[in-house]
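# Structural overview for review
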Amino acid sequence: MFIKKNIKVFLLIFLIVLLAGVLRFWQLGIVPPSPNWDEAALGYNAYSLLQTGKDEYGKVFPIILQSFGDYKPALYSYIAIPSVFVFGLNTFAVRLPSAILGIITVFAVYFLVNELFRRRDIALISSFLLAISPWHIQFSRVAFEANLGLALNVFGVLFFLKGLKRPWFLVLSAISFGFSLHAYQSEKVFVPLFVLSLCVIYFSALAALQKKYLALAFTVGILVSFPLVFSLVTDSNTLGRAKGVSVFNEQSVEFSNNVIELEHNKETGDIIGQVLNNRRVFYANRIVENYLSHWDINWLLRGDIARHHAPEMGLIYIWEFPFILIGIYMLLFSKFNKRTKYFIFFWFLLAPIPASITTGVPHAVRTLNFLPTWQIFTALGLISAMGLVSSIPARGWSAFGGKYKALSIKYFKFLIIIFIFLLFIFNFLYYLNQYFVQQNYFASHDWQYGYKQAVEKTTELSSEYEKIVVANDGYFDQSYIFYLFFLKYPPEKYQREVKIDIANRSFEKYEFRPIDWEKDKELKNTLFVGMPKSFPQDTDALYEISFIDKKPAIKIVGTE
Amino acid sequence: MNNKIALISIIIVAFVLRFFQLGSNPPALTWDEVAMGYNAYSLGIDGKDEHGNFLPFAYIESFGDFKPPVYTYLDIIPIKIFGLTPFAVRFPSAFLGVGTVFLTYFLTRRIFYNSNRKELYALSSALVLALSPWHVMLSRAAFEANAATFFLVVGIWAFIAAVSDRRWLLVLSAVSFAISLYTFNSSRITAPLLAILLAVIFYRQLFAMKKQVIVALFVGIVLTAPLVPFLLSDKASIRFQEVNIFTDLIPLERSNQEIVNDENAIWSKILHNRRLVYGFFFIEHYFDHFNPRFLFISGDINPKFSIREVGQLYLWDLPFFLVGAFVLFRKREGKWYIVPLWLLIGIIPAAIARETPHALRIESALPTFQILVGYGLVTVAFFLRSAVTKKSFRRVLLAFIFFALLGNIFYFQYHYWKHYPRRYAQDWQYGYKESIEYVNQVKDQYETIYVSEVLERAYIYYLFYLQVPPQEFRETVKLRRDIFGLIDVEGFDKYVFSRSVESEPVKDDALYINKPDRVPKNVRILKTFYMPDGTIKLVAYVY
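Residues numbered from 1 in each chain as written. Chains lettered and ligands numbered in written order. Predicted model: local features only at pLDDT ≥ 70, side-chain atom pairs only at ≥ 80, totals over all residues.

This part is about the overall build of chain A. Of regular secondary structure, chain A possesses 26 helices and 9 strands. Relative to the globule expectation of 24 Å for 560 residues, the C-alpha radius of gyration of chain A, 27 Å, shows essentially globular dimensions. Counting only C-alpha atoms and orienting by the principal axes, one finds that chain A spans roughly 90 × 65 × 55 Å. Buried residues in chain A amount to 44% of all 560 residues. (Helix = DSSP H or I, 4+ residues; strand = E, 2+ residues; numbered from the N terminus. Rg over C-alpha atoms; globule rule 2.2 N^0.38 Å. Buried ≥ 20, exposed ≤ 12 C-beta atoms within 10 Å, placed from the backbone.)

Right, dumping it as structure tokens:
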């Protein structure tokens, strides 16, 4: 009996992981249609590390990649090395680690939820929901560092909970969390808070363990995170990205209005007004607003910027929404382990904190650590709703004194279940269509489509020209990385040749700078690659590349 | 006894927050307020509206739209008493606002009738509504929505009272729901839905009181019937066509492209069906009203409904709102289900419109938000009493909650009195009054007075502030109807309203009122009229 049940569970887990795998591997590298600049940068740096042990700037085994001045945590590039080694430098290879991590996360979530609730049904449904989650699929199919961070955090928690019984697991937990800090910017805020709340909630269990394990885990955690802390302290540049996107750097209409009000208060000697319009009050307000923005239902249903969700879809399925509410209600009021309750709500409430101190919220990537809490809520909601529906007496409560059997709840019960099931199927098919068919059409611009063809064409024409000028303004920002990526330009050669002048770069016969056609048309024997608006309308193009929705993307022009 | 004192105090607070300087903050009357005021003035004199229609009941034709008439009728008596002033125009809204606070107490007591905390729930809900930035803002201007909310609350309270013990109140409920149909456009959707909802919930009780049901139905039908021909006419649909989401073609074009992307497969036509597309569009607009930014941070983007510094609710209301919502479901006291159902129905009319979230169109969901907050406050207070045994610590916690709320209220009131009238004067169409007072002093010196229409609908302000006798206006008015049948007033008496005063004929005996950037060079400027922030709004000049 026991074994039979286990086999059934294993079979279900296997099917869930298989489904997760299909959804993450199918057309990987083709959908989304092009790597975006961050993916290209992570990929090329992995290639550079593989061949030279240095990043594109020649830094030996960096833990932070300078990249576009956003100082990316380097871990993703390192784990992409094997796949770039095996499959070469291409979109598929760069995205492969993320896809694999996504599948592993789905698998790990089963064990995590089972550990928390000791209920296989909740665990199975949660991991199933994560397997089909639009949010998780979106970032498992692209090389986004956040997905690596999420995977490490999930393992960190899983090992932590295991560690309460078998203490040496705590060391693994410390390693996971430590590496997570190297994975993604948000984790630098999230992980410390997350680990702290784990320690507080499970304090009594931790205190009962042998101290040597705690000390060991603590030491390992410090050792793993030390290089990061060291570079943060010693190199002020590495905080550049954080400064760039933080609310304290905001230049919005609201901020300037606030300054106007403050000036007015000073003129009129209004002291209370000076306090209320104080910069700090404004920032505090903004942080609260940003935090709360992540509970905008329309954000969940519609997403934020196009790269962060499938077109016309959001981060969750619309049918999940009522079950999320029921799930939250059930977790609040049902008899589950108290610490499990606290822990899940803490997780849920901590997840948006890193994004709250940045601009451009709500932000699906910076809050990827929300996963899998939404799925756990949905699973709880689904199970309780199904329980409620099936607890309706079999005879049926019939309306109007039992006269009309057709209205009896007996049929109603099955109708509800069938209705929810159909809704689920429909919503899922809709999502698949939006993701795999519509996304490439509607969002190719957002995915910076067109460089591959541009590079191929440039290479084909390059022998006829002395110099190649590629625009780097507008949506051609950081175009150099796409050339390095698609040319598979030898990193050692690049590191030697590149000349950098603030945002402009040049190597070999390539120059990356804004095109000023009035001046540039005088240049002899030069090939220009730019946006349609880089050139006057009547300029004859050698070649034109369109986005997938047929709107013009790239124009290639040559001079004699 | 204590409860009575508490209720009276709440009413006093509500009264002060709504009536204090009612005529001067918001800083000016909008054209809708002026139109209702002048039509009420006109109706009070000879029973005809500005255009001479005798006792209009389906609508009052004003520029550009067909206003539901009730608010205008409510204005008649205040204007008779206080004269044609901003205070008088806003009086009904403020008065009914206080009335809604008062009724919220009785309504909440009825809803939680079997709870031993019902008194506290009722008092705290009424208090939250009395202090609510949402309700205070909407009570301080002549908003039809605010009057409609009062009638809906009366309707619901009377219905619940009727099915509980006071059966004949059912007739009052029917009357009140019917009046709300004549008060605000959104109520034409919410009132029937709420009435149906209540009838379904209480069908057993209704079966037991057939006499009252028949009388109420009869009264309701008789009162509603005259409105039906208007609702079915083109006039009613003009505005609806303009604002509703289903006439937006962008989603349709997109779904057509999606079907093309699927190579016109049949399954794709089902998947991207336009009914589903618009259904989802509706849901999106519906959920806009639960946007935390709208509810708790900066409110409606229209500064007439929110000061933009505080949400529709206070930020500190948020935890109590959540506690209230969850515990309401948990404890299921009395007729608890009315609160969420009412809230959900109240939002429907606004979700059909394009501009969402919209604080005014969902006012029919008030006071459910405040009842939830009030419920949450009481729940938390009781929870602290049982969970925190140390008395001094409990006092500290309660004091913290209290002062945080007080801080929020202070923040709102401070901004409302100090910054709001200066910063958002433009949104209240500030600037007419000063110029018209000047014109009033000098009008006898001129044969013709040209007034810029660039600020729109100047004529109604002239009627209002000059207290032009309605007969005189009707005799001298020059009207033009546009292709939609909407009325445009080009002038009356010696006043000419023009889109470009600068190109009107140059006359020695004419006065010109124009926007500063349109004043010709060779003129003599007599007076300039300023906005509260010091910018120039209008200029009076002669050649």
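What chain B contains, in helices and strands, is 25 helices and 9 strands. Over its C-alpha atoms chain B spans a radius of gyration of 26 Å, differing by no more than 12% from the 24 Å that the globule rule assigns to 543 residues. Projected onto the principal axes, the alpha-carbon positions of chain B cover approximately 85 × 65 × 55 Å. Counting every position in chain B, which comprises 543 residues, the buried fraction comes to 46%. Sequence-distant contacts in chain B: of pairs separated by 6 or more residues, those separated by 24 or more amount to 71%. (Contact = placed C-beta atoms within 7 Å.)

All names here are of chain B. Read from one edge to the other, the open sheet built from 7 strands follows the order β4-β5-β6-β3-β7-β9-β8, with strand pairing classed as mixed. Either end of the sheet is taken by a strand with one partner, and the two such strands are β4 (478-481) and β8 (524-530). Between one strand and the next, the sheet's axes are offset by a mean angle of 25°, whatever the strand orientation. Pairing of strand β3 (residues 448-452) with strand β7 (residues 510-514) involves 4 bridges; the strand directions are parallel. Paired with T448 across the two strands is A510, which belongs to β7. Where helix α24 (residues 458-465) meets the sheet, it contacts β3, β5 (487-492) and β6 (495-498), and its direction lies at approximately 150° from that of β6. (Pairing = 2+ DSSP bridges. Axes fitted to C-alpha atoms, helices over the stretch in contact; angles between N-to-C directions.)

This part is about the interface of chain B and chain A. The interface of chain B with chain A comprises 21 residues on the first partner and 24 residues on the second. Only α14 (250-261), α16 (274-287), α17 (292-297), α18 (317-331) and α21 (391-418) of chain B provide two or more residues apiece to the side of chain B that touches chain A. When residues in the side of chain B that touches chain A are grouped by element, the largest group, 4 residues, is from α17(B). Tallied by class, residues from the side of chain B that touches chain A come to 11 nonpolar, 3 polar and 7 charged. (Nonpolar A, V, L, I, M, F, W, Y, C, P; charged D, E, K, R; others polar.)

As a further point, take the pairing of strand β9 (residues 536-542) of chain B. Remark: a regular strand shows side chains that alternate across the two faces of the sheet. All names here are of chain B. Bridge count between β7 and β9: 3 bridges; the pairing is antiparallel. Bridge pairing in β9 links Y512 to Y541. Taken together, the 6 bridges between β8 and β9 define a ladder with antiparallel strand orientation. What sits directly across from F529, in β9, is L538.

Residue and element names in this part refer to chain B. Packing of helix α20 (residues 368-387) against α21 leaves a shortest axis separation of 10 Å and a crossing angle of 165°. The pairing of α20 with α21 is recorded here as roughly antiparallel in orientation. Like other packed secondary-structure pairs, α20 and α21 cross with a definite hand, here right-handed. Within the contact between the two elements, α20 uses A381, L384 and R385 and α21 uses R394, L397 and L398. For the contact of α20 with α21, the class distribution of residues is 4 nonpolar, no polar and 2 charged. (Parallel < 35°, antiparallel > 145°, perpendicular 65-115°, else oblique. Left-handed = near helix turned anticlockwise from the far one by under 90°.)

What follows covers the sheet that holds strand β7 (residues 526-530) of chain A. Residues and elements named next belong to chain A. Across the sheet, which stays open at both edges, the 7 strands sit in the order β4-β5-β6-β3-β7-β9-β8 with mixed pairing between neighbours. Edge positions in the open sheet fall to β4 (499-501) and β8 (543-546), since each of these has one partner strand only. Here the strands of the sheet are splayed against their neighbours by 15° on average, with no regard to which way each runs. The sheet contact formed by strand β5 (residues 504-507) and strand β6 (residues 510-512) spans 3 bridges and is antiparallel. Residue pairing for β6: F507 is matched across the bridge by Y510. Sheet strands in contact with helix α23 (residues 451-462) are β3 (467-470), β7, β8 and β9 (552-558), and its direction is about 175° off that of β7.

Moving on, we get to the confidence of the model for chain A. As a general rule, the predicted coordinates of low-pLDDT regions are not to be interpreted in detail. Of all residues in chain A, 95% have pLDDT values of 70 or greater, and the mean over the chain is 91. With pLDDT under 50 throughout, residues 398-404 of chain A is counted as low confidence; its partners more than four residues away or in other chains account for 6 contacts. (pLDDT = per-residue confidence, 0-100.)

The subject of this paragraph is helix α8 (residues 145-163) of chain A. Its 19 residues place the ends of α8(A) 27 Å apart at the C-alpha level, agreeing with the 27 Å of an ideal helix rising 1.5 Å per residue. When you tally the buried positions in α8(A), you get 18 out of 19 residues, the bulk of the element. (Expected span 1.5 Å × (residues − 1).)

Compared with an ideal rise of 1.5 Å per residue, which puts 21 residues at 30 Å, helix α7 (residues 144-164) of chain B spans 30 Å between its outermost C-alpha atoms and is within 8% of the ideal. Burial within α7(B) is extensive, with 19 of its 21 residues counted as buried.

Quick look at the environment of R423(B) now. With respect to the helices and strands, R423(B) occurs in helix α22 (residues 420-423). We classify R423(B) as buried; it has 21 C-beta atoms within 10 Å.

Before going further, it helps to spend a moment on the environment of Q138(A). Residues and elements named next belong to chain A. Structurally, the position occupied by Q138 is in helix α7 (residues 134-140). Linking Q138 and V365, residues 227 residues apart in sequence, is a C-alpha distance of 9.8 Å. Those residues in contact with Q138 that lie beyond four places of it in its chain are H308, H309 and A310.

Turning to the packing of helix α5 (residues 91-117) of chain A against α8(A), a few remarks are in order. Residue and element names in this part refer to chain A. Put simply, α5 and α8 touch, their axes get as near as 9 Å, and they point 30° apart. The orientation of α5 relative to α8 falls into the category roughly parallel. Considering only the axes of α5 and α8, their crossing is left-handed. Between α5, through S98, L101, G102, I104, T105, A108, V109, F111, L112 and E115, and α8, the contact on the second element is made entirely by N147, L148, L150, A151, V154, F155, V157, L158, L161 and K162.

Here we take up unusual backbone geometry. Keep in mind that most residues, glycine aside, have a negative phi and that most peptide bonds are trans. With omega at -10°, the peptide bond leading from V31(A) into P32(A) counts as cis. Turning to its location among the elements, P32(A) is positioned in the loop between α1 (2-25) and α2 (37-52). Here L366(B) and P367(B) are connected by a cis peptide whose omega angle stands at 0°. Its place among the elements puts P367(B) in the loop between α19 (338-351) and α20. Here the phi dihedral of N525(A) falls at roughly 55°; this positive angle occurs in a residue that is not glycine. Within the secondary structure layout, N525(A) lies in the loop between α26 (517-520) and β7. Of note, D493(B) is a non-glycine position whose phi angle comes to about 45°, a positive value.

Residue and element names in this part refer to chain B. In terms of burial, β3 is largely enclosed, as 4 of its 5 residues are buried. Here β3 runs beside β6; their pairing, made up of 4 bridges, is parallel. Each bridged residue has a counterpart across the sheet, and for S452 the counterpart in β6 is S498.

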